[in-house]
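Report on the structure
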Amino acid sequence: MKSTAKLELFRELPSVDELLRAPAVAALASDLASNLSSNQGLAAVTDAARAVLARLREEISSGLLDASALPIALHGIAGAVAAQLREALTHSLRPVINATGVILHTNLGRAPLAEAALAHISKTAGRFSNLEFDLATGARGKRDAHVDRLFRSLLSEGSREDKAEVSTIVVNNNAAAVLLALNTLADGGEVIVSRGELVEIGGSFRIPDVMAKSGATLREVGTTNRTRAADYEKAITERTRLLLRVHRSNFEITGFTEQASTAELVTLTRERGLPLMEDLGSGALVDLQNFGISGEPSVLDSLRAGVDIVTYSGDKLLGGPQAGLISGRADLVARMRANSLFRALRVDKLTCAALEATLLAYVKRDHDSIPTLKMMRLTKQEIGDRAEALATQIRSSKLNIEVSDGESVIGGGAAPSSILPTRLLAVSCAGIGADELSARLRASDPPIIARVADGRVLLDLRTVFAEQDEALEAALIALGR
């Protein structure tokens, strides 16, 4: 489009004042009067009008709007301002229905919090609290003391052969936990790790990169598929500060493989006077074999085996808020607490409250109150009964709904080989493709996130809260009209 033609189109656009005087736009400010002052309402509508006009100018400049399309856009400009206003005055972060069957879906916020955790956040964060205040002495306290007492209860009993005291501190995520631990224990020295354990976690963060930031030097040993205890031993020098084991929580190596056992590494580090650290990543606090999940060691397993420091996440298999947890020998943890990085990485009162309530459920052995654990425990029969009941409620000539066998996964980079049998709602619609059907479900209120496979939309109720079944049913009925 020639520049002169574009200038003519720009002249067709109303000014902000002209647009605000349009009856349909002026009414928007009046509609806001019940929630905002007149000045606030007018300011919000003005901002929305400016945004819409700026978008139209960009579309003219890029050639998306030409002389034939501009009148259509101008005809709907009041509606565009109203839509822009709604978007500006509503939350972007919204609850969704996770019907993917991926329990720890990173894009959907990983572990949903327990009701007790939400209540504890509301109760303590909405008022002042004793976050860093010792009520007994009236002196300053430590914010993670509220959770350390619970971790001691869960991890100390029978945790180490040498009966060393176990302590725990909390930072904002597991990458931060690894960073703090390595910087404290190995800054300026070498850390020995197997080549087969140099993992990459979500968002392209790699263990070697985190290690470089910590000030420690990576010393790789072994090969991708085979690393023996002797490889670690040969690599130990006067510069060695730590042996690191990284749990392969988000992938597997199978076939011709060998890995030094934890017992071998514990023996080696004790003989050489070095600490052994393990990055578990997911960090379960219970034996997951009771949930049908194998190959995922618990924090207690590692501590019992003699690992000195264990790092893990709060919002994965633990089922709590995002946090990085460092548990292990109290003397080593005390050094990390004294590191100036600890203050930079520490968590806020919301995380402390959510984590305390979650850990208290573990202490009480109330595992079903933790949504992540409850979802893992659900049986195929229980899920199938809900799916059948929901399918029978939806009668439509357009929708075809079948209940079929399927598989749920843990997700979140945890237990990659573990598959949980489930029953799926397989949905198709006459005249509408699966991708379009999935998009319409995402446009529901609340949005419904599903899987698409073999030309059908698949809904797994394992990750749908029972109280959300009604909203899911209503959305499917709406699709079938």
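Considering the sheet that holds strand E6 (residues 217-221)
What the 7 strands build is an open sheet, ordered E2-E12-E11-E10-E8-E3-E6; its pairing is mixed. Edge positions in the open sheet fall to strand E2 (166-171) and E6, since each of these has one partner strand only. Taking the axes of each pair of neighbouring strands and ignoring which way they run, one obtains an average angle of 25 degrees across the sheet. Sheet topology note: the strand E3 (residues 190-194)/E6 ladder contains 5 bridges and is parallel. Counted as the bridge partner of Val 193 is Glu 220 from E6. Sheet strands touched by helix H8 (residues 145-155): E2, strand E11 (309-313) and strand E12 (324-329). Its angle to E2, the strand with the most contacts, is close to 135 degrees. Running at roughly 135 degrees to E12, helix H14 (residues 330-338) makes contact with E2, E11 and E12 of the sheet.

Regarding helix H3 (residues 23-31)
Of all the positions in H3, only Val 25, Leu 28 and Ala 29 are classed as buried. The arc that holds every buried residue of H3, seen down its axis, measures 95 degrees, which confines them to one face. For H3, the exposed residues set more than 90 degrees away from the buried face come down to Pro 23, Ser 30 and Asp 31.

Let's talk about the nonpolar core
By size, the foremost hydrophobic cluster in this structure holds 53 residues, and its most contacted members are Phe 151, Leu 243, Tyr 312, Met 376 and Ile 410. No other element matches the 5 residues that helix H16 (residues 349-363) contributes to this core. Residue contacts for Phe 151: discarding those within four places in its chain leaves Ser 156, Thr 168, Leu 285, Tyr 312, Leu 325, Leu 355 and Leu 359.

Focus: the pairing of E2
With respect to burial, E2 is a largely interior element, 6 of its 6 residues being buried. Of the two faces of E2, the one carrying Val 166, Thr 168 and Val 170 and the one carrying Ser 167, Ile 169 and Val 171 are both buried. Pairing between E2 and E12: 6 bridges, direction antiparallel. Within E12, the position partnered with Val 170 by the bridge is Leu 325.

What counts and how
- Residues numbered from 1 in each chain as written.
- Predicted model: local features only at pLDDT ≥ 70, side-chain atom pairs only at ≥ 80, totals over all residues.
- Heavy atoms only, no water.
- Pairing = 2+ DSSP bridges.
- Helix = DSSP H or I, 4+ residues; strand = E, 2+ residues; numbered from the N terminus.
- Axes fitted to C-alpha atoms, helices over the stretch in contact; angles between N-to-C directions.
- Contact = heavy atoms within 4.5 Å.
- Buried < 20%, exposed > 50% of the residue type's maximum accessible area, 1.4 Å probe, protein only.
- Arc of directions from axis to C-beta.
- Core = buried A, V, L, I, M, F, W, Y, C linked by side-chain atoms within 4.5 Å.

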